Every structure is written in C-alpha cells, then in structure tokens.
Amino acid sequence: MDFNMKKLASDAGVFFSRAVQFTEEKLGQAEKTELDAHFENLLAKADCTKNWTEKILHQTEVLLQPNPSVRVEEFLYEKLDRKVPSRVTNGELLAQYMVEAANDFGPGTPYGKTLLKVGETQKRLGGAERDFMHSASINFLNPLRNFLEGDWRTITKERRILENRRLDLDACKARLKKAKAAEAKASLWSDEVEKAEHELRVAQTEFDRQAELTRLLLEGISSTHVNHLRCLHEFVESQATYYAQGYQYMLDLQKQLGSSKGEIFPGTFVGNAESTSPPPATTSPTTVAATIPVVPTVGRAPNSATAVEGALNLKDVKPPASGTRKARVLYDYEAADSSELALLADEMITVYSLPGMDPDWLIGERGNQKGKVPVTYLELLS
C-alpha cells in the first residue's frame, strides 16, 4: 500500500510538471524542443495517410453496401465477434420475385417465359455481386481496417509517449536553468544544479530513445503505401471481373430475348437499336427507322421457317439491285456459327432483309463476306 501511494504521488507530480510546461509553452513563457524537419515531414505524411485511408474506407463501404442500417448492423456483429448473417442481394431478391410471378402467370405463357429468363439472369448478376463484395472486403477493406486499428494505433500511442518525453525534457531544462540562476547567487545551490543536470541527462536519453522508435514507425508508412497499392490493384481486378460478368450475362439475356421476340411479336421490326441494345459509355446513337430492302424469293412461303433457312444459303442469297442500306456497327459481335457475320465496333457494312426472316436479324455484307447480323448491334443509316 505504501509503495502504491508513493507511485501515485510520483505520477501526480510528473503529470503536474507536464501540465505546467505545456501551459507555459502555450503562453510563450517556456522554450520548446523542436523536432527536425525530416521528423515533421514523417508526422505530416502519417497524418495524411490516416485521414485519407479513413475516407476511402468509408466510401468503399458505402459503395459495397449503400444501406447505412445494414452497415451499422454488420459493424456491431464484427465488434461482438459474431458471424454476419448471410443476406440476399437486390438482384437475387428481384430474381425471386420474377420467378414467383412467372409461376403465378403461367411459366408457359410468353410473359412467364420471359420473366423466368430475366429472373435467372438477375440471379446470376446477384451472385456476381456477392462474389465481388466478398473479394473487395477481404482484399481491400480488411487491409485498410488493419492499418487503422493496428499500425496507426501503435503510432498514435508512441507519439503520445514521445510528446510526454519532450515535456519532461523541457521541464528538466527549465529546472536546470533556474538552479544555475540560483547558484550564481549562493553556493548552497550546487547540489540542486547537480541533481537537475542528472535529471536532464536521463530525460534526454529517454527522449532520444523514444524519438528513434517513433521515427522507425513513421518511416514504415511508406511500406503501408506499397501494401495498400497492391490491395488497390486487387480491388480493381475484382471490380473489372464483376462488371465483365454482368456485361456478358446481359448480352446472353439479350440474345435469348431477341431470338424469341419474333415468335411473340410476329412481323414486328424494331429499327432503333438504341432501345434494345446496351447503351455505350458516352454516346447514345440515333438511328433512322426505315424499311429494309427485301430480296424477293420465288416459290417460297414468305412466313415459312423453311423458306428462311433456304434463303439463308449464303451462296444463293444476293442483295437487291437497288436500295440496300448502310449500317454502322455499335459493338463487337462474335459469330456463333458459319451462317453469321462477325462484327467490329464502328465498321460500316451493307445490310438487307429476307422474306420471313426474324425481324431481329439482317443479312450483312462486308466485301466478299456475308452472313446474318443482329439488328441490336447496328445503327441503320439513311
């Protein structure tokens, strides 16, 4: 008990001495030991890293989970060391509603069939989103949190200790200065001067040791930047994979819906590609709807599927003598078989239609090459 009281009194004396030194520095009544320029730059770099890491971490969390209530709930689960409950994504929930609606409307009806196809794609999109969120959390968010909750807390603790050591050092300098001033007036103060000098040497040693330790921690911020850079690359790669999957899923869905549109809406032709094709990044092409020149077919029923397949014998198909249309390709297209023509974005081709042909497809020609092309990938020119 006696030992604890002595330690408590000693700690109270140190705290009081630091408080006096700090107050006098603020009032300009005491000198302050300044850190060198390199050390100050390290401190500024560390503070900058901490501030921007917090902002990037928070905004990435908002990007991955826009619902603030869900973010708070997940934060509480993590702090309580409990497993975060699995949640369906918005895409998966939409898929569930579409499938249930299709079952009520009749999965054999045109609307029900389409709902099932779109619902399946939404489910795949939701799964891709879940994978992206999981990858981003592990490879990007966790390293940022680990820095703020680990390295940065250690740096903050050592900086606080360094500041206390500096206050102790400057307080010892002030006591030595007062002892020397009193010694000049009376020789009885020589013991006080010697004691003050000893305290100053001890304080200087502790300050130098703490300054070196803090400097090493601050210099480690550069390694933190390298680690965060690697994590950022992994975040971008996972995000690119997510968007690429989504784009491919939607292209597949578009082909499925396009192939069935002729059955649902026979004889309907949509000449505006902008309404059915995925919008490009910056521009929305304006197309001109007009009747496509039709190659006459003798002796064949115009609405017969057999007639269409026969007309698509590329060796026999010839363009009309006049009135063919020019079209600009909007997106790259990979031919599914030998009857289709592969397309490259922004190239110009000649197009025309055949009797009984699926309204979502045209015959395209590029030099000696010929084949079916999807209308949704074209901008028809007048």
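Residues numbered from 1 in each chain as written. Predicted model: local features only at pLDDT ≥ 70, side-chain atom pairs only at ≥ 80, totals over all residues. Heavy atoms only, no water.

Asks: Just to check I follow, could you spell out the environment of Phe105 for this structure?
Replies: Take Phe105: it is sitting in helix α4 (residues 90–105). For Phe105, a relative accessible area of 47% gives the class partly exposed. Between the C-alpha atom of Phe105 and that of Leu115, which follows or precedes it by 10 residues, the distance is 9.6 Å. Apart from residues lying up to four places away in sequence, Phe105 is in contact with Tyr111 and Leu115. (Helix = DSSP H or I, 4+ residues; strand = E, 2+ residues; numbered from the N terminus. Buried < 20%, exposed > 50% of the residue type's maximum accessible area, 1.4 Å probe, protein only. Contact = heavy atoms within 4.5 Å.)

Asks: So what exactly am I meant to see when it comes to the packing of helix α2 (residues 37–64) against helix α6 (residues 190–219) here?
Replies: When two helices pack together, their arrangement is captured by the angle between the axes and the distance separating the axes. Two elements in contact, α2 and α6, have axes whose closest approach is 9 Å; the angle formed by their N-to-C orientations is 45°. Overall, the two elements α2 and α6 adopt an arrangement that is oblique. In this structure, α2 meets α6 at a crossing whose hand is left-handed. Contacts from His38, Phe39, Leu42, Leu43 and Ala46 of α2 reach α6 at Ala211, Thr214, Arg215, Leu218 and Glu219. Its residues assigned to classes, the contact of α2 with α6 shows six nonpolar, two polar and two charged. (Axes fitted to C-alpha atoms, helices over the stretch in contact; angles between N-to-C directions. Parallel < 35°, antiparallel > 145°, perpendicular 65-115°, else oblique. Left-handed = near helix turned anticlockwise from the far one by under 90°. Nonpolar A, V, L, I, M, F, W, Y, C, P; charged D, E, K, R; others polar.)

Asks: Is there a simple way to think about α4 in this case?
Replies: Every α-helix carries 3.6 residues per turn, so stepping three or four residues along brings you back to the same face. Between its first and last C-alpha atoms α4 spans 22 Å; for 16 residues at 1.5 Å apiece the expected length is 22 Å, and the two agree. Within α4 the residues assigned to the buried category are Gly91, Glu92, Ala95, Met98, Ala101 and Ala102. Immediately downstream of α4, the backbone of Gly106 shows phi near 110°, a positive value. (Expected span 1.5 Å × (residues − 1).)

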